[in-house]
Amino acid sequence: MVQDNVLLRMEGICKSFPGVKALDNVQLTLRRGTVHALMGENGAGKSTLMKCLFGIYHKDDGHIYLEGNEVNFKNSREALDNGVAMVHQELNQALKRNVMDNIWLGRYPKIPGTPLVSEKQMYADTMKVFNDLKIDVDPKTVMSTMPVSKRQMVEIAKAVSFNSKVIVLDEPTSSLTEEEVDHLFRIINMLRDRGCGIIYISHKMDEILRISDEVTIMRDGQYIATRPSKELTKEEIIRLMVGREMTNQFPPKLHCGADENIMTVEHLTAAYSLLNDVSFSLKKGEILGVAGLDGSGRTELLENIFGAATRKGGTITVHGKTVKNSTPKEAIRNGFALVTEERRATGIFSILDIRENTVISSLKSYLSGFLLQNKKMEQATASMIDAMRIKTPSQKTKIQSLSGGNQQKVIFGRWILTQPDILLLDEPTRGIDVGAKYEIYQLIQNLSKEGKSVVMVSSEMPELLGVCDRILVMSGGRLAGEVDADHTSQEEIMTLAAKYV
Ligand SMILES: Nc1ncnc2c1ncn2[C@@H]1O[C@H](COP(=O)(O)OP(=O)(O)OP(=O)(O)O)[C@@H](O)[C@H]1O
Ligand SMILES: [Mg+2]
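### So, the state of the cysteines
Phase 1: All told, the structure shown has 0 disulfides when counted by the stated rule.
Phase 2: Distance from the sulfur of Cys52, which forms no disulfide, to the nearest cysteine sulfur (Cys14) is 9.6 Å.
Phase 3: Looking at Cys52, the relative accessible area reads 5%, which means it is buried.
Phase 4: Not part of a disulfide, Cys256 finds its nearest cysteine sulfur in Cys468, a span of 13 Å.

### Observations regarding the sheet that holds strand β12 (residues 278-283)
Phase 1: An order of β12-β11-β14-β15 is seen for the 4 strands of this open sheet, with the pairing classed as antiparallel. One side of each edge strand has no neighbouring strand; the edge strands of this open sheet are β12 and β15 (321-323). On average, adjacent strands in this sheet sit at an angle of 20° to one another, irrespective of strand direction.

### Observations concerning the packing of helix α5 (residues 148-161) against helix α6 (residues 178-193)
Phase 1: Running from N to C, α5 and α6 cross one another at 5°; their axes reach a closest spacing of 12 Å. Our classification of the angle between α5 and α6 gives roughly parallel. Contacts between α5 and α6 involve Ser149, Lys150, Met153, Ile156 and Val160 on the former and, on the latter, Glu180, His183, Leu184 and Leu191.
Phase 2: Here the residues of the contact of α5 with α6 are counted per class, giving 5 nonpolar, 2 polar and 2 charged.

### Quick look at the environment of Ile217
Phase 1: Topologically, Ile217 is positioned in strand β9 (residues 214-219).
Phase 2: We classify Ile217 as buried; its relative accessible area is 1%.
Phase 3: Taking the C-alpha atoms as reference, Ile217 lies 10.0 Å from Val242; in sequence the two are 25 residues apart.
Phase 4: Once residues lying within four places of it in the same chain are set aside, the contact partners of Ile217 are Met39, Gln222, Tyr223, Ile224, Ala225, Ile237, Leu240 and Met241.

### Brief notes about the packing of helix α4 (residues 119-133) against α5
Phase 1: At a minimum axis distance of 10 Å, the contact between α4 and α5 shows a crossing angle of 105°. Overall, the two elements α4 and α5 adopt an arrangement that is roughly perpendicular. In this structure, α4 uses Val129, Phe130 and Leu133 to contact α5, whose residues at the interface are Ala157, Val160 and Ser161.
Phase 2: Counted by class, the contact of α4 with α5 contains 5 nonpolar, 1 polar and no charged residues.

### Description of α5
Phase 1: The end-to-end C-alpha separation of α5 is 20 Å, in line with the 20 Å expected for 14 residues at 1.5 Å each.
Phase 2: α5 sits mainly inside the fold: 11 of its 14 residues count as buried.
Phase 3: Along its buried surface, α5 packs onto β6 (84-87), α3 (99-104), α4, β7 (166-170) and α6.
Phase 4: Once α5 ends, the next one or two residues include Asn163, with phi positive near 55°.

### Overview of the side chain of Thr381
Phase 1: Following the sequence through the fold, Thr381 ends up in helix α13 (residues 374-387).
Phase 2: In this structure Thr381 comes out as buried when scored by relative accessible area, which is 0%.

### Notes on the environment of Leu191
Phase 1: Here Leu191 lies in helix α6.
Phase 2: In sequence terms Leu191 and Ile167 are 24 residues apart; their C-alpha atoms lie 9.2 Å from each other.
Phase 3: Residues within four places of Leu191 in sequence aside, it is in contact with Val160, Ile167, Cys196 and Ile198.

Conventions and cut-offs
- Residues numbered from 1 in each chain as written.
- Chains lettered and ligands numbered in written order.
- Predicted model: local features only at pLDDT ≥ 70, side-chain atom pairs only at ≥ 80, totals over all residues.
- Heavy atoms only, no water.
- Disulfide = S-S within 2.5 Å.
- Buried < 20%, exposed > 50% of the residue type's maximum accessible area, 1.4 Å probe, protein only.
- Pairing = 2+ DSSP bridges.
- Helix = DSSP H or I, 4+ residues; strand = E, 2+ residues; numbered from the N terminus.
- Axes fitted to C-alpha atoms, helices over the stretch in contact; angles between N-to-C directions.
- Parallel < 35°, antiparallel > 145°, perpendicular 65-115°, else oblique.
- Contact = heavy atoms within 4.5 Å.
- Nonpolar A, V, L, I, M, F, W, Y, C, P; charged D, E, K, R; others polar.
- Expected span 1.5 Å × (residues − 1).

Read these as layout, nothing more, since geometry by itself doesn't imply function.
In structure tokens form, the structure reads like this:
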């Protein structure tokens, strides 16, 4: 009977890429009507395993059984036709087309008796899926005009529209707001009640414990364990993932903030966003957090300081001198760097290798006369690979063959190497595993020790409390307050965050 419950079984899956054994004898058993979380550090092989299932990669060895029958999908179309759908970590959508085109691409409904596409039918079919999932999007909206979170919802609707039995969600919530996550979880629960099996990949421990029935953990391309979620704690998951005890999530604070102010921001107001009359100062060596709800203007604050958005008013003073920062280029010259939250979308030169991607923003420092010194670039890249434990066979590997989280680390390293005086970080650990988060926190602490100042936006309150010296709280585009990170609570911050909502 138990056997009947099995929807999908993957056994002894192996997959190698040049220089990497990405999967080594991995197994996974998905039961009907359950949510199965797949966890592991960046580069553990989660996405690769799912791509082997979905026919994007071809496994070197092993067997896949769907409802007891061995399957070996040659491509994703075949997987979809057989009831297996996947929402990818990197969205790959036709941005110039509208929502319904994206959902039905390659299987448009036809006007009966003709080869013509029935737009009317397509609209109705889309609305049916959206109503079922309570998704509030007009099927005729052009994809590029929607925020990433909405696009992600469309992708999920698309997966559901194939009437799939198995749905793989690879880090679906990395760009969703809290409300959207709740919505997604309602959809997942509904699918589970209908008997689907859902494979859920995420680095967010709380989400995993909330939504999943079982958890499979991988490490370095190997299968480690499968456990019922009820029997797992965060600490246990971390131990299984990392392979060692991790008693501290955060390195000790160094509190390097000097008395001297490095930057003063006064009455900063944006031309095209809700950011309004924000004033604060930043000390040399200080780590300043920025808290607030989604849409409270945190990203806009960083973008305005960095010259990536148009300012309506306000001044920025650095070392006592007014700076304009009208463009990012000017800001970089003034000693600023911004690591954006959509790093993967905005920061990666996919045809270049890791070394090139790492040094590209600090090329000047490797120049000798007109020549770039390869040795120096190699050393700089090696230091970043080492500091953040970037998992790659070599510096010459193309960045696009790295796992999602490792790509993020490369971009992070790129900006560290520009030696900025003021480093602006937007969600620096999004999509990054627990072990690597620690490395990044340490990197931030070390920068502050060298007298660099950091402004860090994060939606993870424990991270702000665990890393920062001081925290600004934004609400409705305004500054709602400022707290000492060592003498505040999540409650106090939440209260401030709701001040102007
Ligand atoms: N197309 C490819 N070419 C070469 N190597 C690859 C390719 N795809 C994945 N790899 C390698 O396989 C390993 C596993 O990567 P994978 O993307 O499966 O990790 P992941 O567990 O999904 O990590 P993350 O949490 O960062 O998304 C990594 O070392 C990665 O560099
Ligand atoms: Mg992945």
